[in-house]
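# Observations on the three-dimensional arrangement
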Amino acid sequence: MWLKLFFLLLYFIVLFMLARVFEAVVWCESGMFASQLVDPVTLSYKKLKTILECRGLGYSGLAEKKDVSELVEKSGELTQGELYSAIKKEKEQTEAGDASTTHFSGEMHFYELVEDTKDGIWLVQVIAQDREALLSHSNWGKMVQKVSQFGIRTGTFNCSNDYRSCIKRGWQRSTLIMSVPQTSASKGKVMLKEYNGRRIETEHIFRWMTSHVAHRIKTLRHSEQLVEEWRSDPAHPVKMFLFARLSQPPAFFSSLSVKFTGRIEFIFVDVRHWDNYSSLSEIDVSQSPAYILKMPEGIYRYGNSTGEFLSLAAMDTFLRSVQPEVNDMFVLSLVLINLLAWMDLFITQGATVKRFVVLIRTLGTYNSILLVSWLPVLALLQMPYLDTLYSYSLKLLRYADTTTLASLVRADWTFYSSHPALFLSTYLAHGLLVDYFEKKRRCGIRSQEDSTTNLEWLASLWDWYTSYLLHPIASLQDPSDHSDWEDDPNFLFQRLAFPDLWLRPLVNMDYINALPTWRFRAVGQDSEGGVCSCQCVCAVAASSFCCHHGNRIPPSADRALMDGCLTLEGVANHQQSDWSVWPCDMLQCSECVVCLENFGSEELLMGLPCGHAFHQQCIVVWLAAGRHCCPVCRWPSYKKKHLFTPEII
């Protein structure tokens, strides 16, 4: 977990440094920074119209380039970064074609999305029954593209699908309907406005829309009103002011007032005919236009830091960081937790199938924990006793988000979110580097499981699954039950029908480190044609105690068989092996039943709780594959067993 956190933090640092490198490259090639101001007079008429389109200002009737450039200056300073973003966005819209629009199937569909949601602006084209639409298909596509960049959703209501609803609402002819929340409270009342203009050009319809949206913003034209609104208001602690020489605020500013309803109050100050400029000096407003965020902690001038463009996306990112809601925090935590989980794909070593199986398990685990963790958080936020803690948390967040570092982080967020291919490629490259360094780090301690192929790992996964499926956990069963399912096929179907199979806890692999190990010492040479090991003798003897019906060996016969094995083993090996170095609870033998080879001098052995011994490397591979039981007696390898140690004759 900590390793993944470290690599994820390292990835964010790499993204931050990479963005600075991009800025340096642009500066070296063009001699300009993204925050550098641009004189609108030097731009072409087409670029000036592109800027006005992105800001949401109407320019119909302005044929001269001088008039258009003055309108750009009155709405706010223009930077190189905003110019680049506006041109890029216009190009993307041209290549994408018509934006998506909703087709309402009837009254209930319209009510649920438009009137009941109450958290956005809608433009709906109503097509009367047996009549043509007000806007042609091409003009409607242009209108959808124009308004969608301001977060305005669009839809089409065909009265042929629900004629009774159109009669009830008075939609006798084809028209345009706009819905806008009327109050400043969250989930306020929604009013439907019908377009009654004679001209059906896109620019005129857009101006009609922006004028209605601007009405819900409080407009100040006198100094007394400004003094009153500038005072601290506990009901609205955070306010966004726009001081400009405009008849109405830009469309992006008005649209944001709808998105942040109940969180931030938007106020437009028209200074075209201002009566007392000293009142502006008292609040430290020396020039217009000016976008000022007033908080209990002080004022913040938007537009002076990196990435603070006069666009819907840039200001939306800024305001969400300053005054976030619960959903914003949840989405951020969801993105971070999934980025953290995907690190498992590169940290995990071994077969490709193993990597993806571990990734799916991690994604499911992390997202489940995240959802469960948010439930008590949401419950606590509803308690009135925590309002003070919540307000102090927002205060600390505002202090942090109004710093220069925070503006750089927001600029990088906007940059990488607009270039998803770059973000994914850098994440993949970082993951491959993590995989490379993990291989180097584990080179000295690389286990056999890390070098297995896909088929080998799938086979081991199946063995692990059948080990839990067919061998019950010893703590839940009688110790005398040795799960001899191989001798009776009916036992397999009984285990498949047993309901607790799918609820078994996984076995922690740490118990392997606690198993006893020692060196095998030979005090003599084996004669040719030596005696077989105890396991082979026991296996032969066991078959003579089984009946033809596959019944288990009685406990008394099992004990007698074990005594006989020890006796044979003692006779065969007490002259060749130094048993003094063996743990007292280990059964004496000279062969590993996993590899079927005799123990050699100074070879490392490992014993299981049942008393059987094996080569250390052989039994670790056996257990690591998920077979948590003895290869000889099937006793669970993680459960202690009281052994009966007979005397060696």
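These numbers come from a predicted model, not from an experiment. (Residues numbered from 1 in each chain as written. Predicted model: local features only at pLDDT ≥ 70, side-chain atom pairs only at ≥ 80, totals over all residues. Heavy atoms only, no water.)

Along the protein chain, the regular secondary structure elements total 23 helices and 15 strands. Within the protein chain, the proportion of its 649 residues that are buried is 42%. At a minimum sequence separation of 6, the contacts of the protein chain that also span at least 24 residues come to 71%. For the protein chain, the exposed area adds up to about 35600 Å²; of that, 59% sits on carbon and sulfur atoms. (Helix = DSSP H or I, 4+ residues; strand = E, 2+ residues; numbered from the N terminus. Buried < 20%, exposed > 50% of the residue type's maximum accessible area, 1.4 Å probe, protein only. Contact = heavy atoms within 4.5 Å. Areas by Shrake-Rupley, 256 points an atom, 1.4 Å probe, with all protein chains shown as cover.)

Here we take up the state of the cysteines. Counted according to the given criterion, the structure contains 1 disulfide. Disulfide partner of Cys 159: Cys 166, at an S-S distance of 2.1 Å. One quick way to see it: the torsion about the S-S bond of Cys 159 and Cys 166 is about -95°, and its sign makes the bridge left-handed. We classify Cys 159 as buried; its relative accessible area is 1%. No disulfide involves Cys 592; its sulfur sits 3.9 Å from that of Cys 595, the nearest cysteine. The thiol sulfur of Cys 610 is not disulfide-bonded, and the nearest other cysteine sulfur, from Cys 630, lies at 3.5 Å. Given a relative accessible area of 3%, Cys 610 falls into the buried group. (Disulfide = S-S within 2.5 Å.)

This paragraph deals with helix 6 (residues 137-148). End to end, helix 6 covers 16 Å across 12 residues, agreeing with the expected 16 Å (1.5 Å per residue, within 8%). Buried residues of helix 6: Trp 140, Gly 141, Met 143, Val 144, Lys 146 and Val 147, and no others. Check the buried side of helix 6 and you find it contacts helix 2 (45-55), strand 2 (122-127), strand 3 (153-158), strand 4 (175-181) and helix 8 (202-214). (Expected span 1.5 Å × (residues − 1).)

Let's shift gears to the packing of helix 2 against helix 3 (residues 65-75). At their nearest, the axes of helix 2 and helix 3 sit 10 Å apart, and the two run at 35° to each other. Here the hand of the crossing between helix 2 and helix 3 comes out left-handed. Within the contact between the two elements, helix 2 uses Tyr 45, Leu 48, Ile 51, Leu 52 and Arg 55 and helix 3 uses Lys 65, Val 68, Ser 69, Leu 71, Val 72 and Ser 75. Grouping the constituent residues of the contact of helix 2 with helix 3 by class yields 7 nonpolar, 2 polar and 2 charged. (Axes fitted to C-alpha atoms, helices over the stretch in contact; angles between N-to-C directions. Left-handed = near helix turned anticlockwise from the far one by under 90°. Nonpolar A, V, L, I, M, F, W, Y, C, P; charged D, E, K, R; others polar.)

On to the sheet that holds strand 4, then. An order of 1-3-2-4-5 is seen for the 5 strands of this open sheet, with the pairing classed as mixed. Each edge of the open sheet carries a strand with a single partner, namely strand 1 (102-104) and strand 5 (190-194). Neighbour-to-neighbour, the strand axes of this sheet turn through a mean angle of 25°, independent of strand direction. As judged from the 5 bridges shared by strand 2 and strand 4, these two strands associate in the antiparallel manner. For Val 124, the partnering residue across the bridge sits in strand 4 and is Ile 177. Sheet contacts for helix 5 (residues 107-115): strand 1, strand 2, strand 3, strand 4 and strand 5; angle to strand 1, the most-contacted strand, approximately 135°. (Pairing = 2+ DSSP bridges.)

A few words now on the pattern of salt bridges. Throughout the structure, instances matching the rule amount to 25 salt bridges. A salt bridge links Arg 169 to Glu 107; the shortest N-O distance between them is 2.8 Å. Taken together, the residues span a long stretch of sequence, with Arg 169 in helix 7 (residues 163-169) and Glu 107 in helix 5 at a distance of 62 residues. The closest approach of N and O atoms between Asp 435 and Lys 439, which form a salt bridge, is 3.6 Å. (Salt bridge = Lys/Arg side-chain N within 4 Å of Asp/Glu carboxyl O.)

Across the sheet, 3 strands lie side by side as 11-14-15; this open sheet has antiparallel pairing. Both outer strands of the open sheet, strand 11 (517-519) and strand 15 (613-615), are each paired with one neighbouring strand and no more. Between one strand and the next, the sheet's axes are offset by a mean angle of 35°, whatever the strand orientation. Running at roughly 95° to strand 15, helix 23 (residues 616-624) makes contact with strand 11, strand 14 (604-607) and strand 15 of the sheet.

Bridge analysis of strand 1 against strand 3 gives 3 bridges, and the strand direction is parallel. Its bridge partner being in strand 3, Phe 104 is matched across the sheet by Phe 157. One ladder, built from 6 bridges, connects strand 2 with strand 3; its direction is parallel. Bridge pairing in strand 3 places Val 124 opposite Gly 155. Between the parallel elements strand 2 and strand 3, the chain passes through helix 6 in a crossover that is right-handed. (Right-handed = clockwise from strand over helix to strand, strands pointing away.)

The subject of this paragraph is the nonpolar core. The nonpolar side chains of a soluble globular protein tend to be buried with one another. In terms of nonpolar packing, the biggest core is built from 60 residues, with Met 143, Met 240, Phe 266, Tyr 291, Leu 293, Met 315 and Leu 319 touching the most fellow members. When residues in this core are grouped by element, the largest group, 6 residues, is from helix 12 (residues 312-322). Those residues in contact with Tyr 291 that sit more than four places away from it in its chain are Ser 75, Met 240, Phe 241, Leu 242, Pro 250, Phe 252, Phe 253, Tyr 300, Arg 301, Tyr 302, Leu 310 and Met 315. Membership of the second largest hydrophobic core comes to 24 residues, among which are Trp 518, Met 606, Cys 630 and Trp 635. (Core = buried A, V, L, I, M, F, W, Y, C linked by side-chain atoms within 4.5 Å.)

Attention shifts here to the confidence of the model for the protein chain. Averaged over every residue, the pLDDT of the protein chain is 77; the share at 70 or more is 78%. Strand 15 holds the highest mean pLDDT among the elements of the protein chain, 93, whereas helix 21 (residues 534-544) holds the lowest, 37. Here residues 471-505 scores under 50 on pLDDT; set against residues more than four positions off or in separate chains, the count is 47 contacts. This stretch, residues 525-575, has a pLDDT under 50; its non-local contacts, to residues over four places away or in other chains, come to 54 contacts. (pLDDT = per-residue confidence, 0-100.)

Moving on, we come to the pairing of strand 7 (residues 239-244). For strand 7, a buried count of 6 out of 6 residues is recorded, marking the element as mostly surrounded by other parts of the structure. The alternating pattern of strand 7 places Lys 239, Phe 241 and Phe 243 on one face and Met 240, Leu 242 and Ala 244 on the opposite face, and all of these are buried. Examined bridge by bridge, strand 7 and strand 8 (residues 265-270) share 6 bridges and lie parallel to one another. Residue pairing for strand 8: Ala 244 is matched across the bridge by Asp 270. In this fold, the crossover linking strand 7 to strand 8 by way of helix 10 (residues 251-259) has right-handed handedness. Across 5 bridges, strand 7 lies against strand 9 (residues 290-295) in antiparallel orientation. In the strand pairing of strand 9, Phe 241 is matched with Ile 292.

Attention shifts here to the environment of Lys 146. By secondary structure assignment, the location of Lys 146 is in helix 6. You can call Lys 146 buried: its relative accessible area is 9%. Taking the C-alpha atoms as reference points, Lys 146 and Glu 53, 93 residues apart in sequence, are found 7.7 Å from one another. Apart from the residues lying within four places of it in its own chain, the contact partners of Lys 146 are Glu 53, Thr 202, Glu 203 and Phe 206.

A few words on the environment of Val 358. Take Val 358: it is sitting in helix 15 (residues 352-381). For Val 358, a relative accessible area of 14% gives the class buried. Separated by 10 residues in sequence, Val 358 and Thr 348 have C-alpha atoms that sit 7.7 Å apart. Here Val 358 is in contact with Asp 344 and Thr 348, once residues within four sequence places are set aside.

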